[in-house]
Each structure stands twice: as structure tokens, then as C-alpha cells.
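# Examining the three-dimensional arrangement
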Amino acid sequence: MRVMAQVGMVMNLDKCIGCHTCSVTCKQAWTNRAGTEYVWFNNVETRPGQGYPRRYDDQETWRGGWRLNRNGKLRLRAGGRLQKLLTLFASPVQPTIDDYYEPWTYDYQTLIDAPLGDDFPVARPKSLLTGEDTKVTWSANWDDNLGGGPELASRDPIVEKLRRESEDAIRFSFEQTFMFYLPRICEHCLNPSCMASCPSGAIYKRSEDGIVLVDQDRCRGWRQCITGCPYKKIYFNHKSGKAEKCTLCYPRIEVGQPTVCSETCVGRLRYLGIFLYDADAVTAAASVPDEHDLYEAQLDLMLDPEDPDVIAAARADGIPDDWLAAARRSPVYALAKKFRVALPLHPEYRTMPMVWYVPPLSPIVDLLAEQGHDAESPGTLFGAIEALRIPVEYLAELFTAGDTDVIETVLRRLAAMRAYMRDVTLGRDPDSSIPAAVGMTEEQVYEMYRLMAIAKYDERYVIPTAHVEQAARLDEMACALDYDEGPGMFDSSPFGEASGTPAPVSVETFHALKQRQTTDTAAGEHTMAGRTNLLNWDGNGAPTGLFPERAGREHGGTPDRDSR
């Protein structure tokens, strides 16, 4: 057994409202530059829908991920070394810009410079790739909020598969369907097919935290990684000629901060934490013959951080004690392994993904309430799961390789938590038979409720900081965030650009506010080091430089009200 640590994420789809704040902040931090106009490290899809890029789930077309050969060995679906050599200069199985979208802006200058006339000037869409006039026909979020409509749902690869298997039932279900949102980032897999596909060896998985990165110095732009990734979460920078992908905001992770998408999530649906796993067992787990067994095989990889044998093996493999403590508090381990309500995305790709999802339950409750039922009564709620308007088979195709029993078990556990906690909230005697019906104790249900409903910041994000003794390895050949045209090409900081001092703004703000709450001095007087940050100012006094100085006044004094 070789114990390694992996930073993982869980997203609770019940809480996603589709606001796309995560996408916008990720875009602003990492891909707001020439060459990456169409790139979204984080995107939010409406399901049912085609996704981004279009129909990326269809591996019969894109041939991403792994498959088992006749001997039961893992092989890349896109082919081995000979196939890669033959398609090195022109791979035919990659999404084109039409499968993504041609990014555009508008000719706003025309609106500004147009002379006075009888007609209103028009700001025509301009391609960000060619600079020419273009027609907007698709985007990364073209079918937002239209999931389940007859025109779009039929183009979803999962719907097509289900219709072939059960034509009448699926058609009837989708005439009454609802939509849900699916945020997606790179899965930072335990068995990444992108890494195995790269002819240059530029993609690597960090041994310290499992984050998958692209070494920009070694990348030669072959783009085989794009073919190899079944989630299509590696992109080609057409300006630098390099491949890029989500970095899990590793400069932030290293200082104990959550990713930008997690930090800015309006619904607080994301959890970050540590998994401990047996690296020696990954290949065997990804090679199980039956796709329905892949979920359990991946769960078996996750080691119990409370087990003394695991702790001893982890220490022997160089995992620090504070990382072991973080693994014991990890919310992602609790949701995935302890409560078993989080599921991997497309485990049938055999990449062992490390971004997991709690499937949506809320639409069942909404439907029951609309029909006049007691929506959170356990008898009503349990019975409604089997009649869910979106087929359980659809969720199973997303998260369990088609195993509906696992999906039903997860949904029943989520329903049990709602029904049990309703009695607690209303001051009634809790019904112990509700958790017992789903194989849980009352204590486990309450613990799961606390984590999923009212968890505080430090409970949702349990991220141990990097160690000084690991600095040389963490700085390695690395993703090279400061390379020309690359993410973080500005002065380095966990925000991807300069924030004025070596400390991130959020860290600076935290300490300044803490100082203000524990002292009588003005906010930021000592921690701001000559800078002004209005986030730190509470109106009590004024840090130097907050207001313009009146002519003749000595520098450093607090201005009177007139001078403000």
C-alpha cells in the first residue's frame, strides 16, 4: 500500500442556482487574455443539454478516456502509440471551434463614433479570432435554462442512449421534465487519460496533492491530450500554441485558500478537502470488468484517515501530520465515503475522477408541493423518488455508469435527511425509523445535515497549507504560471495577478479585520503597510492615504470632516 493525498471537490447540485458566478470569476482570474477567448476552465451546464463543448459525453465520437481490451487491460480509447504517431499532426477526433463557439465582442466604437442621424447605430458582433463581422450561433451557455425542452433534450447524448433503450418511457418522462445545473471543472483524475495521451510528457500529476497540471516548457501543442480527456477540459491556446487546463487554483490551495470558483460560489455548494488513497491500487480499480463496479472500486481506493495502519503508512510515505488531521476533517471524504451521497462524474470513463457530485433532489419536493402534497413527509417523499420527472436512469448515466440502485439509495438518504430534520426543526419528537430506513443512524443524519446545510467556511474548505520543505518540489518545472501569455502572467499571487503585497488580499483583509476587532486602533493601521483597502475600513479612524490631504496639512494626520 502506497498512501498519497489528493485534493478533491464535491458539489451539491441541489444548491446550484445557475448564476455562473464561478465561471465569471474563474474566467477573470485565469483565461481573460488573448488566445483563450473561448476557454472556460469552469462552466455551468443546463441538464438535459448538450454541454460544453457540444456533446462531449459522446465518447463514440470523441474517443476520450479508457477502455478495456480483450485481455482486460486498460487502453486509451483513442488508440495506442502507433495510432498517436499516425495522427500526431492532424488528429481527426477533436472538437472544432464550432463545437465550442466562436468568441465574439461587439463593435462598440461604432456606437461611440456614429454621427447624428435618423437611424440608430448598430454594434455588430465581431469575432475575437478573426476580427471580422460574425453571426452568433452558439456559445458556452447557449442552452442555459432550456434543459428538457423537446428541441434540445433530444440532442443530449445521454437522452439519445436512454431513448434507444426505452423509447416510450423516456419520451413520456421528458415531456414533463425539469432542468438542473451541472458545474464542471477539470476532474484532476487519479488515472488521467490526458496525461497518458501526451506525447511530450508535459502533463503530470503532482505527488503532493494530486493536482494535474501542464508543464508549459515541455508542451509542444500536439493536442493529443484534448482527444484523450473525456471531459474535454483541456484547451488549446491558439496564441501561445500550448495546452491549458484548470489548475485547481493551486497557488491558493498552497496557502490554504479555496479555489476562486469555490470562494465566489453564491450557493455555497462546493466543498474542498483531502482524500487519502492507495496509489498502488488505482490501475486495478480502474480495470474492473463491470462498469457498474467502478463506483465501489473508486470508493475502495479512499482510505480511512482514522485507521491506525493507514496513518502509519501515510507517515512512512511522507504525508505530514497536519495533512492527516485535515483528511480526518475532510468534508469531501465525509460526503463521498462516510455518508455515500456524493458520486463521481462518468465513472465509466475509468479515469477515477476526483470532483464528485451530490445529485439533485429538490425538484421532487417542488413537484409534490405544487400538487398539494406534504412534500417532506417521509412516506410521500420516498414514494416520489421512483416517479421522479427526470428519469433516475438519466442521473445514473451521469454518475454511476447506469446503476440506478445507487442513485435511488442516494436520493433516499437525502430525502430521509429532509424528513428527519423537519421534525427536529419544528420541535417534534424525531422519528428514528426514518434514518434506519436508509441504513443510517440519527447521529449520522444530523452530522450530514450540518455539513450540507449549515456548515461554516472552515468546515466546507479544509485545505492544509503547503510545507516549506516541499517548496522545491512544488515550484518544480511546474505549470509555469508566469510564462508568456499564460495564466498568472502578472506578478505572482494566489489571485493570479498582483495584489500589491506578497500576501493575498483576502488574507490581508482577514488579519486587518481581526486586528480591528481586538484593538482600539484604526483598521489596517499596521497591516496595510501604506496601502489603502476599503474592505478593511470600518469608519473608526482612517489609515494614512485614505483621503486626500488638504494643502498645508502635515502628512499622516486624520483629516477633519470638511476635508473629506
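Just above, that's the structure.
Residues numbered from 1 in each chain as written. Predicted model: local features only at pLDDT ≥ 70, side-chain atom pairs only at ≥ 80, totals over all residues. Heavy atoms only, no water.

## Observations concerning the pairing of strand β7 (residues 180–184)
Remember that side chains alternate between the two faces of the sheet whenever the strand is regular. Of all five residues that make up β7, five are buried, and the element is covered over most of its length. Judged from the five bridges that link them, strand β2 (residues 43–47) and β7 form a sheet pairing that is antiparallel. The residue bridging valine 44 from the neighbouring strand is proline 183, located in β7. (Buried < 20%, exposed > 50% of the residue type's maximum accessible area, 1.4 Å probe, protein only. Helix = DSSP H or I, 4+ residues; strand = E, 2+ residues; numbered from the N terminus. Pairing = 2+ DSSP bridges.)

## A word on the pairing of strand β12 (residues 270–278)
Summarising burial for β12: nine of the nine residues are buried, a large majority. Bridge count for strand β1 (residues 3–12) against β12 is nine bridges, and the pairing is antiparallel. Note on β12: the bridge partner recorded for methionine 9 is leucine 272.

## Looking at unusual backbone geometry
That bond from arginine 47 to proline 48 is cis: its omega, 0 degrees, falls within 30 degrees of zero. In this structure, proline 48 sits in the loop between β2 and α2 (59–62). Cis geometry is adopted by the peptide bond preceding proline 53, which originates at tyrosine 52 and carries an omega value of -5 degrees. Mapped onto the elements of the fold, proline 53 is located in the loop between β2 and α2. Phi at arginine 223 takes a positive value of approximately 70 degrees, unusual for a residue other than glycine. Within the fold, arginine 223 resides in the loop between β9 (212–214) and α9 (224–228). Its identity is not glycine, yet arginine 268 carries a phi of approximately 55 degrees, on the positive side. Relative to the assigned elements, arginine 268 resides in the loop between α11 (260–263) and β12.

## Digging into the packing of helix α16 (residues 331–338) against helix α22 (residues 442–453)
Put simply, α16 and α22 touch, their axes get as near as 11 Å, and they point 130 degrees apart. Compared by their axis directions, α16 and α22 come out oblique. Of the two possible hands of crossing, α16 and α22 adopt the one that is left-handed. Taken together, the residues of α22 that come into contact with α16 (itself represented by Pro331, Ala334, Leu335 and Lys338) are Glu447, Leu451 and Met452. Its residues assigned to classes, the contact of α16 with α22 comprises five nonpolar, no polar and two charged. (Axes fitted to C-alpha atoms, helices over the stretch in contact; angles between N-to-C directions. Parallel < 35°, antiparallel > 145°, perpendicular 65-115°, else oblique. Left-handed = near helix turned anticlockwise from the far one by under 90°. Contact = heavy atoms within 4.5 Å. Nonpolar A, V, L, I, M, F, W, Y, C, P; charged D, E, K, R; others polar.)

## Considerations on the nonpolar core
One recurring pattern in soluble globular proteins is that nonpolar side chains are buried together. Core analysis: the largest hydrophobic core is formed by 137 residues, its most contacted members being Leu276, Leu335, Val341, Trp356, Phe399 and Met452. Top contributing element to this core by residue count: helix α20 (residues 404–425), with 11 residues. Valine 341 has contacts with Leu335, Tyr357, Val358, Pro359, Val410, Arg413, Leu414, Met448 and Met452, leaving out every residue within four places of it along the chain. (Core = buried A, V, L, I, M, F, W, Y, C linked by side-chain atoms within 4.5 Å.)

## Structural notes on a nonpolar patch on the surface
On the surface, Tyr106, Tyr108, Leu111 and Ile112 cluster together to form a nonpolar patch covering roughly 410 Å² of accessible area. The element that contributes the greatest number of residues to the nonpolar patch is helix α4 (residues 108–113), accounting for three residues. Among the residues examined, isoleucine 112 registers a relative accessible area of 60% and is labelled exposed. (Patch = residues over 30% accessible without salt bridge, like charges linked within 9 Å, V, L, I, M, F, W, Y side chains within 5 Å. Areas by Shrake-Rupley, 256 points an atom, 1.4 Å probe, with all protein chains shown as cover. Salt bridge = Lys/Arg side-chain N within 4 Å of Asp/Glu carboxyl O.)

## Points about the packing of aromatic side chains
In total, this model carries 17 aromatic pairs according to the counting rule given. With a centroid separation of 6.4 Å and an interplanar angle of 80 degrees, the aromatic rings of phenylalanine 180 and tyrosine 394 are classed as edge-to-face. Of the two residues, phenylalanine 180 is situated in strand β7 and tyrosine 394 in helix α19 (residues 392–399); the sequence distance between them amounts to 214 residues. Take phenylalanine 180: its relative accessible area is 4%, and that puts it in the buried class. Classification of tyrosine 394 by relative accessible area gives buried; the value is 0%. Each ring, one from tyrosine 295 and one from tryptophan 356, has its centre 6.2 Å from the other, and the planes form 50 degrees; the classification is tilted. Pair noted here: tyrosine 295 is in helix α13 (residues 294–301) and tryptophan 356 is in strand β14 (residues 355–358), with a separation of 61 residues, a long-range link. One exposure class covers both tyrosine 295 and tryptophan 356, and it is buried. Linked through ring pairs, Tyr38, Phe41, Tyr52, Tyr100, Tyr101, Trp104 and Tyr235 together constitute an aromatic cluster. Over the ring of tryptophan 138 we find arginine 54, and its NZ or CZ is 4.1 Å from the ring centre. The side chain of arginine 206 reaches across the aromatic face of tyrosine 250, ending 4.6 Å from its centre. (Phe/Tyr/Trp six-rings, centres within 6.5 Å; stacked < 30°, edge-to-face > 60°. Lys NZ or Arg CZ within 6 Å of the ring centre and 35° of its normal.)

Fair warning: the whole summary comes from geometry, so function is off the table for now.
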